[in-house]
Amino acid sequence: MTTGRASGVLRTPSDLVAQGLSPADSLPALERVAARYAIAVTPDVAALIDPLDPNDPIARQYIPAADELTTLPAERADPIGDHAHAPVAGIVHRYPDRVLLKLVHVCAVYCRFCFRREMVGPGKETALSGDAYAAALDYIRAHPAIWEVILTGGDPLMLSARRLREVIGDLAAIDHVKVVRVHTRVPVADPGRVTDEVVAALKAPGAVTWVALHANHPRELTDAARAACARMVDTGVAMVSQSVLLRGVNDDAATLEALMRAFVECRIKPYYLHHGDLAPGTAHLRTTIAQGQALMAALRGRVSGLCQPDYVLDIPGGHGKSPIGPHYLSRTDRGGEGGPYRIVDYCGDVHLYPDEA
């Protein structure tokens, strides 16, 4: 699998200190972090960081911190159980109708909260070999219930346009594969990489391509990022979003509102708001579920349905995602036989609704 350009990317703690993105006295601790977890900050991302703000929400996502050296007992190297559902190399088959296809294990940037942080980056798992890729395709062909293939990794848009075109074409040629979904950070992290050639490579006869963009703060949707997304949408590539609820990044209603509205303005449908996974060294970035539910309730009253993502938790151990948003409906109990439903409106007021056919 071939990948492309990487000029100007900050990859070491010394790079970050030299650019004023990390304090010099943090260097020894950050070197210990870097020995375990990959670092990469592109020029586009670095330009968004305010080095004078110690709580900058962009920096919290990408700049390593000494807190990453602390691993809690509940945290896991494989928090969502990829390995438990990997029948062949590169494939994760957790749900009957879809599989993950992990082509590469490198990214344009490395998020400090990544649930695959033990698997991605230089020196970690390698890209699929030719034989492993062929075996992965054979697995998909042999399972006609597979309707959707999700390209992930690593970031599949790190592939060259030529290789991406080959992969999309190979998948679209399988009769029962009707949807190919591409999970990526590239339009935000390195928007110049989304060239017309890459956009053309995303489409092939026989299957529909969706792109899921990962962004967590409205500042990430710069003019360049919006233009990169528009290049895809304008050619018929549908887009959805996925975000992670992160302490100090987007854990307030105003920021979530601005983020979800920005997605919709870019013709990107908000899809998932993930609760932070139990990846090692990420406790300082996780919120509680109760905080997430309160934020989702606040969002319900602030923005339209177009802007509402599903708040979900990937159950540790590989048991899949479950929605964990706030509850608006409950049953009253009158005389032990049940009564009307209690339903909460967006203002928090409670109303009764009769359960009558």
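Everything below is about the structure shown above.
All of the points below concern the structure found in this document. (Residues numbered from 1 in each chain as written. Predicted model: local features only at pLDDT ≥ 70, side-chain atom pairs only at ≥ 80, totals over all residues. Heavy atoms only, no water.)

Quick word on empty space enclosed by the protein
- Evaluation of the coordinates by the stated rule reveals 1 cavity of 30 Å³ or more.
- In this model, the largest cavity occupies a volume close to 850 Å³.
- Lining the largest cavity are 44 residues, and of these Phe115, Arg116, Thr152, His183 and Gln242 sit closest to its centre.
- Listing elements by their share of the lining of the largest cavity, those giving two or more residues are strand S1 (91-95), strand S2 (98-102), strand S3 (148-152), strand S4 (179-184), strand S6 (238-244) and strand S7 (269-274).
- For the lining of the largest cavity, the class distribution of residues is 20 nonpolar, 12 polar and 12 charged. (1 Å grid on protein atoms, 1.4 Å probe; cavity = no way out; pocket = protein on both sides within 12 Å on 5 of 7 lines; lining within 4 Å. Points joined across faces, edges and corners; volume = space filled by probe spheres on them. Helix = DSSP H or I, 4+ residues; strand = E, 2+ residues; numbered from the N terminus. Nonpolar A, V, L, I, M, F, W, Y, C, P; charged D, E, K, R; others polar.)

Regarding helix H6 (residues 161-172)
- Between its terminal C-alpha atoms H6 stretches 16 Å, which fits the 16 Å expected from 12 residues at 1.5 Å a residue.
- Those residues of H6 that fall on the buried side of the exposure criterion are Ala161, Arg163, Leu164, Val167, Ile168, Leu171 and Ala172. In a view along the axis of H6, the buried residues occupy a sector of 165 degrees, so they form one face of it.
- In the core, the buried residues of H6 are packed alongside S2, helix H5 (130-141), S3, S4, helix H8 (196-201) and strand S5 (208-214). (Expected span 1.5 Å × (residues − 1). Buried < 20%, exposed > 50% of the residue type's maximum accessible area, 1.4 Å probe, protein only. Arc of directions from axis to C-beta. Contact = heavy atoms within 4.5 Å.)

What about the pairing of strand S12 (residues 350-353)?
- As judged from the 4 bridges shared by strand S11 (residues 341-344) and S12, these two strands associate in the antiparallel manner. Its bridge partner lying in S12, Tyr341 is registered against Tyr353.
- Where S11 folds back on S12, the antiparallel hairpin that results is connected by 5 residues, among which Gly348 adopts a positive phi of roughly 95 degrees. (Pairing = 2+ DSSP bridges.)

A short note on the sheet that holds S4
- On the basis of which strands lie adjacent, the open sheet formed by 9 strands has the order S1-S2-S3-S4-S5-S6-S7-S8-S9 and mixed pairing. Two strands bound the open sheet, and with one partner strand each, they are S1 and strand S9 (321-323). Pairs of neighbouring strands in the sheet enclose a mean axial angle of 25 degrees, with direction left out of account.
- The sheet strands contacting H6 are S2, S3, S4 and S5, and the helix crosses S3 at an angle near 160 degrees.
- Here helix H11 (residues 289-302) sits on the sheet and contacts S7 and strand S8 (310-314); the angle it forms with S8, its principal contact strand, is near 165 degrees. (Axes fitted to C-alpha atoms, helices over the stretch in contact; angles between N-to-C directions.)

These results come straight from atomic positions and should not be treated as a statement about function.
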